[in-house]
Amino acid sequence: STPVATFCALLRAARMGLLIKGGNILESLGEIRIAAFDKTGTITRGEFSINAFHVVEDKVEMSQLLYWVSSIESKSSHPMAAALVEYAQSKSIRPEPENVTEFHIYHGEGIYGAISGKHIYIGNKKIMARSSCRALNHIQADQEMDDLKGATTIGHVICDSDLVGLFSLSDNCRTGAAKAIKELRSMGIKSVMLTGDSALAARHAQEQLGGVLEELHSELLPEDKVRLIAKLKTSTGPTLMVGDGMNDAPALATADVGISMGLSGSAAAIETSHAMLMSGDILRVPKAVRLGRRTRQTIA
Ligand code: ADP
Ligand code: MG
């Protein structure tokens with residue numbers, strides 16, 4: 001290969017906001033046959049708004065609940081955390097992360113924290129099982145919270161194995177996401193979604209995109225994303241993965257090319273990826289593939 005042509009192409013990619021960690025990666029980009037996109041923070045903006053927040057069956061005071069949730073979420077860097085902290089603050093609750101005595105992240109599920117002698121879990125339905133929260137309780141609560149039905153994502157707050165809070169949040173797709181996926185398709189590259197979020201949230205994003213994605217895979221743990229990337233590599237060929245989260249890092253490393261969101265992404269995703277997008281503009285993804293294809297032709 002000619003180093004000059006490759007170097008020039010790397011410079012062009014950098015100028016369009018894609019930092020590529022080496023010339024061989026650019027060539028791999030030109031060979032991509034299928035693209036896998038993470039949902040939250042990649043296809044969507046990762047800027048959540050809280051639609052509703054409920055105390056279940058008057059089990060605790062709302063101010064108490066918001067204090068626990070915001071204090072524990074202050075220790076999380078998940079896009080949902082910022083929205084929950086801001087929501088509590090808008091209700092004049094001051095989070096005190098220094099009072100959280102234990103903290104743990106369950107990737108693809110949610111978080112755990114201890115505060116005021118209480119054991120609190122916050123997250124999706126998987127966190128319910130983790131916290132040994134009674135399922136019956138959950139079904140009753142779901143029926144009670146009719147206004148949560150249309151929401152994209154539902155969050156649960158469990159205190160000492162009891163469901164005490166439910167909230168709903170929504171997040172919107174990035175501008176250009178549908179166009180980027182259509183451009184990839186016109187280049188013969190299929191796109192699929194890999195998300196840790198629920199099937200409902202995955203379908204919601206797909207609707208916003210006008211149904212451009214070929215497959216939706218939801219409720220995935222980080223290792224499920226890795227397994228699916230490995231499967232795409234054998235079934236379809238050279239695979240691209242685009243993601244932002246800590247939960248995407250292993251899948252980004254497994255893909256032939258992993259692209260992270262450089263400004264909003266987690267440190268782990270940025271580190272394990274092969275290239276970094278310096279803005280939220282995912283239209284740069286098909287552009288980069290095109291550049292990769294041209295580079296391969298030049299150096300062949
Ligand atoms: P994605 O793959 O779409 O980026 P994640 O794996 O980051 O999603 O998260 C999966 C799900 O876990 C979220 O949709 C949410 O329900 C739950 N979750 C993760 N982190 C948190 C948090 N800090 N607070 C509440 N829920 C969380
Ligand atoms: Mg994400």
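Since the structure is predicted, the reported quantities are computational estimates derived from the model, not experimental observations. (Residues numbered from 1 in each chain as written. Chains lettered and ligands numbered in written order. Predicted model: local features only at pLDDT ≥ 70, side-chain atom pairs only at ≥ 80, totals over all residues.)

**Student:** Explain the environment of valine 164 residue by residue, including any values.
**Tutor:** Among the structural elements, valine 164 can be located in strand S8 (residues 162-170). Owing to 25 C-beta atoms within 10 Å, valine 164 belongs among the buried residues under this scheme. Sequence separation of valine 164 and lysine 59 is 105 residues, and the distance between their C-alpha atoms is 6.0 Å. The contact partners of valine 164, leaving out residues within four places of it in the chain, are Val55, Val56, Lys59, Val60, Leu65, Val157, Ile158 and Cys159. (Helix = DSSP H or I, 4+ residues; strand = E, 2+ residues; numbered from the N terminus. Buried ≥ 20, exposed ≤ 12 C-beta atoms within 10 Å, placed from the backbone. Contact = placed C-beta atoms within 7 Å.)

**Student:** Explain the site of ligand 1 to me, and be specific about the residues and the numbers.
**Tutor:** Residues in close proximity to ligand 1 total 23 residues, the closest being Thr40, His78, Asn124, Gly196 and Asp197. Secondary-structure elements contributing two or more residues to the shell around ligand 1 are helix H3 (39-43), helix H5 (79-90), strand S5 (110-115), strand S6 (118-123) and strand S7 (153-159). Ranked by the residues each element gives to the shell around ligand 1, the list is headed by H3, at three residues. Along the lines of polarity and charge, the residues of the shell around ligand 1 split into four nonpolar, 14 polar and five charged. (Near = placed C-beta within 6 Å. Nonpolar A, V, L, I, M, F, W, Y, C, P; charged D, E, K, R; others polar.)

**Student:** Would you mind going over the sheet that holds strand S11 (residues 239-243) in detail, with residue names and values included?
**Tutor:** With mixed pairing, the seven strands of this open sheet are ordered in space as S1-S13-S12-S11-S2-S9-S10. Bordering the open sheet on either side are strand S1 (18-20) and strand S10 (215-217), each of which pairs with just one other strand. Between one strand axis and the next, the sheet turns by 20 degrees as a mean value, whatever way the strands run. Relative to strand S13 (residues 275-277), strand S12 (residues 257-261) runs parallel, the two being bridged by three bridges. By the bridge assignment for S13, isoleucine 259 is matched with alanine 275. Helix H10 (residues 222-235) rests against strand S2 (34-38), strand S9 (190-194), S10 and S11 of the sheet, and its axis sits at about 155 degrees to S11. (Pairing = 2+ DSSP bridges. Axes fitted to C-alpha atoms, helices over the stretch in contact; angles between N-to-C directions.)

**Student:** How would you explain helix H9 (residues 199-208) if you had to name every residue and give the values?
**Tutor:** In an α-helix, one turn spans 3.6 residues, which is why side chains three or four residues apart end up on the same side. The set of residues buried in H9 consists of Ala201, Ala202, His204 and Ala205. Mapping the buried residues of H9 onto a view down its axis gives an arc of 160 degrees, with all of them on the same face. More than 90 degrees from the buried face of H9, the exposed residues found are Ala199 and Glu207. Summarising the contacts, the buried residues of H9 are in contact with H3, S7, S9 and S10. Among the residues trailing H9, glycine 210 stands out with phi positive, at a value near 75 degrees. (Arc of directions from axis to C-beta.)

**Student:** Lay out the confidence of the model for the chain with the relevant residues and their values.
**Tutor:** When pLDDT drops low, the exact placement of atoms in the prediction is not to be read closely. Across the chain, the average pLDDT comes to 91, with 93% of residues at or above 70. Under the prediction, the complex receives an ipTM of 0.96, its pTM being 0.88. (pLDDT = per-residue confidence, 0-100.)

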